[in-house]
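# Examination of the molecular architecture
Residues per chain are reported as follows:
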Amino acid sequence: MSDAILSAHNLVKHFHAGGWGAARKVVRAVDDVSFEVAEGETLGVVGESGCGKSTTARLLTHLLAPNSGEVRYRGRVAGTEVPLKTFRRHVQMVFQDSYASLNPRMTMLDAVAFGPTVHGIDRAEARRRAGALLERVGLDPARFGPRYPHEISGGQRQRVNIARALAFDPDVIVLDEAVSALDKSVEAQVLNLLTELRRERNLTYIFISHDLNVVRHISDRVMVMYLGEVVEIGPTRTIYDRPRHPYTGALLAAMPSLDPDRRTLEAPLQGDPPNPIDPPSGCRFHTRCAQAHGPCPLHAPGSIAVGHRHIAACHLNAVPEAAT
Amino acid sequence: MAVAQTDFDTLATADKPQGYWRGVGRRFLRDKVAVAAACVAGGMILMAVFAPWVAPQDPFQGTMIRRLSPIGSEGYPLGADELGRDMLSRLIYGARLSLFMGVTPVLIAFLIGSAIGIAAGYAGGWVNSIIMRVLDVFYAFPSVLLAIAISGALGAGILNGLLSLTVVFIPPIARVAESVTTSVRKLEYIEAAVASGASAFTIVRVHVLGNVLGPIFVYATSLISVSMILAAGLSFLGLGVSPPNPEWGLMLNTLRNAIYVQPWLAALPGVMIFLTSISFNMLSDGLRSAMDIKQ
């Protein structure tokens, strides 16, 4: 699609997990992941722990180099067609751990001002802009500017991290569990801030979270990942109302409900995800899938279009050969 | 009253941002043991610098009749050594060479070792493995043996002694630097800095150095006492400082025969080494806890 601002093309990232030669073992953290994000939209990414969400985030921002595949920014390959330094100004990231993502020896003002100075803006100007950005994210620059990370709260730190990302004047911000570690009330404030900023600056978000309620609230489209693969991607409402992949269905069924008549009595998914060092054959989900049948352990389903911009990787959606 | 005053101060400063080093200074001053250690270490340094003014007698001038005078003899408050030289003056002058031999190799090794360790830790992967395995070769030798071997190969003399001690201290300091840098390297603020598009050099200068030099420095100060003792050992073997120069390690060794006649006198240089090394160690302990930001 031509209007994609950021797209992933067959990204693969394997981590070496010990052993050499024939005994070499790799963790297939991200395996052949492709998707695209349109300008101004928010793509939510959900999945269990260890499904490759964070690795995908780091591949998208080029903090990790993929083993194969490429990331394109406005259709041009990052790292070759777009120099990394330029790419990084346009695609920024906010991390989960608000404390670890700030240098403990740097004041908040300097932390926000650091990025622009790297891109040739002089220090005084960068600090002036940093002050304005702190103000924008709801922190009084006179009071919070000279502070150190340990002197402020988690919510305030995450606002600083957002201001730091904004300092580059980026188009895309990858938010890797950016609100997951915050208290519910603070989380809501930060989410509202993110929504306002998106409207104000026409930002594109890639919002990674394990919290399905938050993802539903903020995303235009949702991507579901399982064991390093994309299992389903589609518009938020469609995904939540009519999931076409059994894994998405199980994830949604696991969402806590406030209605006592609809309480979850049985865990929809049994056990832990299989080991990504040695993923199951065929469809990777077949070992835990209630609807697994004939072709599932044999071959991978591949991406099947099941509706408008809605793709699910499941054999259940395959059109029977006889009917066509 | 004093308590009320303190509370008031805490309240007044609670809402005021403070510089990192001011906080370190404040926490350090609160640590009585560390302050005492700093005073002793500072006193030793002052004593060494102003030795000619402080020492009551010439440390090289001996009187045979005064040989091994006990502590408290008239005109010789700490007695006289085996050649009848004033013990007090020799101990004061001895601080010069002993501290020099203790501090200089550690300081040079701190600069070189930090550079190697930070480079290895930040680069990671293969570069790290190669650098660290090469340094491991030095680890195969006990430090005393390594110092003696290098000194022996280069020949006697203070400069060669310094050089050999420096070589001995580079691997441990580099190893600490590497481990601290590796742990900092994994933190998200370094990733954020990488995501800003900054060069590796800028990231190390702005984000890594400030967070790793403290712990490395603290470790290095703890090596000062080891360095003093190793230097004393080299002097004993005739590889470091040579007589008649006053140096605590050398004095301890030349007085070892007097241990049956004047045990207290013979122990004096050891007491000085002990005092200095323990105060440097406690100083580094105090620094470490003062630099712990989460207090």
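Placed above this text is the structure.
In this report, the structure presented in the accompanying data block is examined. (Residues numbered from 1 in each chain as written. Chains lettered and ligands numbered in written order. Predicted model: local features only at pLDDT ≥ 70, side-chain atom pairs only at ≥ 80, totals over all residues.)

## What to know about the overall build of chain B
Heads up, the rule is: Every helix listed is a DSSP run of H or I at least four residues long, and every strand listed is a run of E at least two residues long, numbered separately from the N terminus. What counts as a contact is two residues whose backbone-derived C-beta atoms lie within 7 Å of each other.
Check the secondary structure of chain B and you find 12 helices and 0 strands. Of the regular secondary structure in chain B, the N- to C-terminal order runs α-α-α-α-α-α-α-α-α-α-α-α. Long-range contacts, defined as pairs at least 24 residues apart, comprise 72% of the intrachain contacts of chain B with a sequence gap of at least 6.

## As for the interface of chain B and chain A
Interfaces are frequently sized by the accessible area removed from exposure as the parts join. Facing the 19 residues of chain B at the interface are 26 residues of chain A. When contributions to the side of chain B that touches chain A are tallied by element, the ones reaching two or more residues are α9 (188-195) and α10 (200-236) of chain B.

## Side note on the sheet that holds strand β4 (residues 68-73) of chain A
All names here are of chain A. This is how it is decided: Strand pairing is defined by DSSP finding a minimum of two bridges between the two strands.
Taken together, 4 strands build an open sheet; the order of strands is β2-β1-β4-β5 and the sheet is antiparallel. This sheet does not close on itself; its edge strands, each paired only once, are β2 (26-38) and β5 (76-77). Relative to β4, strand β1 (residues 4-16) is paired through 5 bridges, and the arrangement is antiparallel. Each residue of the ladder has a partner; that of alanine 8, found in β4, is valine 71.

## What about helix α3 (residues 32-49) of chain B?
Residue and element names in this part refer to chain B. To be explicit about the condition: A helix is expected to span 1.5 Å for every residue after the first. Whether a residue is buried, exposed or partly exposed follows from its count of other C-beta atoms within 10 Å of its own C-beta, namely 20 or more, 12 or fewer, or something in between, respectively; the C-beta atoms are built from the backbone. The arc under discussion is defined with respect to the helix axis, by the directions toward the C-beta atoms.
In a regular helix each residue adds 1.5 Å, so 18 residues correspond to 26 Å; α3 covers 26 Å between its end C-alpha atoms and thus fits that length. Of all the positions in α3, only Ala34, Ala37, Ala41 and Met44 are classed as buried. Seen from one end, α3 has its buried residues packed into an arc of 85°, which puts them on one side. Turned more than 90 degrees away from the buried face of α3 sit Lys32, Cys39, Gly42 and Leu46, all of them exposed.

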